[in-house]
Amino acid sequence: MNIVGEIQLSVDSRIVILTGAGISRESGLATFRDPDGIWARVRIEDVATPEAFARDPERVHAFYNARRKGLLDAAVTPNAAHLALALLEAEWPGEVLLVTQNIDDLHERAGSANLIHMHGELLKARCLACGSASAWRQEMTGESRCPSCGETGSLRVDVVWFGEMPYEMARIERALGDCGLFVSIGTSGNVYPAAGFVAEAHHRAGAHCMELNLEPSDGASLFDAARYGPATEVVPGFVEDLLKAVR
Ligand code: BJW
């Protein structure tokens, strides 16, 4: 069935969507590699590697405490792009799997449920003593106590740093090998393995691959088609075009 003009897709096809920091920018959260992004203010090696945490845990805690506080600010809410993806999941007859690199919780607040946080979650703590992950909304310090085992000083934010294995890769790989449409939204395509998903969906599943981004990403030539502009404009329009086929 021809749905959007450029896409040949049957309505029971699985859709895999990858999101990055660009989708949350219009909600007030900074991206990483834009000129005003996080990596323009702090060095990756100081805050986003296991070695940085081993060397200076309080600095890493302070970096994530500030971002957690920002995420919990009442002004930070899901935007039209997050809401459109939740609507797509609710109304598309086939499976819609949302894989986000973002550690914010804006997709779940918008209503997405079939969601993988491949780089972890800012509002969770992981205990290095017992391995458990717990909800965590307050400041974290070297003296914080694990809610599961009671150990003190064993908590870290539950995010995936450089050199660590992203979460749920087996489930993601299975979905990429069996999707009709792969959509990448608001990501620069700089960080692997996420940057390689488009090639996997294309070669293993023969999926139609689309990029929705403010501007062409580093991997733009790997996509079959693209729509460029702010996520709050481009994503709702794209979702409406898809859902026209099933209404
Ligand atoms: C808008 C917009 C608007 C703006 N609307 N759009 C050499 C070769 C290949 C790989 C490696 C290598 N050396 C090392 C590696 C591996 C390494 C890696 O990729 N390094 C690269 C830098 C080369 N990767 C890892 O270590 C990963 N682990 C791993 O590989 O394990 C082994 C393994 C292999 C294979 C399978 C399985 C496992 C772990 C990576 C962890 C990344 N962690 C971070 C921090 C997480 C916690 C935190 O948030 O603090 O994740 S880094 C940071 O980058 C964060 C993001 O999720 C990630 C991606 O960034 P994203 O989302 O793309 O943001 P930006 O800022 O880059 O782009 C924003 C985009 O939005 C731009 O395009 C804008 O234009 C756009 N935009 N406004 C729409 N309004």
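You'll find the structure just up there.
Computed from a predicted structure; not experimentally measured.

Definitions and cut-offs
Residues numbered from 1 in each chain as written. Predicted model: local features only at pLDDT ≥ 70, side-chain atom pairs only at ≥ 80, totals over all residues. Heavy atoms only, no water. 1 Å grid on protein atoms, 1.4 Å probe; cavity = no way out; pocket = protein on both sides within 12 Å on 5 of 7 lines; lining within 4 Å. Points joined across faces, edges and corners; volume = space filled by probe spheres on them. Helix = DSSP H or I, 4+ residues; strand = E, 2+ residues; numbered from the N terminus. Nonpolar A, V, L, I, M, F, W, Y, C, P; charged D, E, K, R; others polar. Near = heavy atom within 4 Å. Polar contact = N/O pair within 3.5 Å; in protein donor to acceptor, adjacent residues only side chain to side chain. Buried < 20%, exposed > 50% of the residue type's maximum accessible area, 1.4 Å probe, protein only. Pairing = 2+ DSSP bridges. Axes fitted to C-alpha atoms, helices over the stretch in contact; angles between N-to-C directions. Contact = heavy atoms within 4.5 Å.

## Thoughts on empty space enclosed by the protein
- As enumerated under the stated definition, the model contains 2 cavities of 30 Å³ or more in all.
- Volume-wise, the largest cavity comes out at about 40 Å³.
- Elements supplying a minimum of two residues to the lining of the largest cavity: helix 4 (57-71) and strand 6 (155-159).
- Looking at the lining of the largest cavity element by element, the count peaks at 5 residues for helix 4.
- Of the residues in the lining of the largest cavity, the class split is 6 nonpolar, 2 polar and 2 charged.
- By volume, the second largest cavity is sized at about 30 Å³.
- Together, Ile15, Ile17, Leu85, Leu88, Val183, Ile185, Leu212, Phe238, Val239 and Leu242 line the second largest cavity.
- At the level of elements, strand 1 (15-19), helix 5 (80-91), strand 7 (181-185) and helix 9 (231-244) are the ones that each hand at least two residues to the lining of the second largest cavity.
- For the lining of the second largest cavity, the per-class residue count stands at 10 nonpolar, no polar and no charged.

## Description of the site of the ligand
- Taken together, 36 residues sit near the ligand, with Arg67, Glu164, Thr187, Ser188 and Tyr192 positioned nearest.
- Between Ser188 and the ligand, the recorded distance is 2.5 Å, taken from a side-chain N or O atom to an oxygen atom.
- Here an oxygen atom of the ligand and a backbone polar atom of Tyr192 are 2.7 Å apart.
- Sorting the residues of the shell around the ligand by element identifies helix 1 (22-25) and helix 4 as the ones contributing at least two each.

## Some details on unusual backbone geometry
- Between Tyr192 and the following residue, Pro193, the backbone shows a cis peptide bond with an omega angle of 5°.
- Unusually for a residue other than glycine, Glu168 sits at a positive phi of about 55°.
- Here Glu168 lies in the loop between strand 6 and helix 7 (169-176).

## A few points about the pairing of strand 6
- With 5 of 5 residues buried, strand 6 lies mostly within the body of the structure.
- Strand direction decides the pairing type here: strand 4 (residues 120-127) and strand 6, joined by 5 bridges, are antiparallel. Bridging from a neighbouring strand, Glu121 pairs with Asp158 of strand 6.

## Section: the sheet that holds strand 8 (residues 208-213)
- Taken in spatial order, the 6 strands line up as 3-2-1-7-8-9 in an open sheet, and their pairing is parallel. This sheet does not close on itself; its edge strands, each paired only once, are strand 3 (115-117) and strand 9 (225-228). The mean angle between the axes of side-by-side strands here comes to 15°, regardless of whether they run parallel or antiparallel.
- Against the sheet, helix 5 engages strand 1, strand 2 (96-100) and strand 7, with an angle of about 165° to strand 1.
- Helix-sheet contacts for helix 9 involve strand 1, strand 7, strand 8 and strand 9, and the interaxial angle to strand 9 is about 135°.

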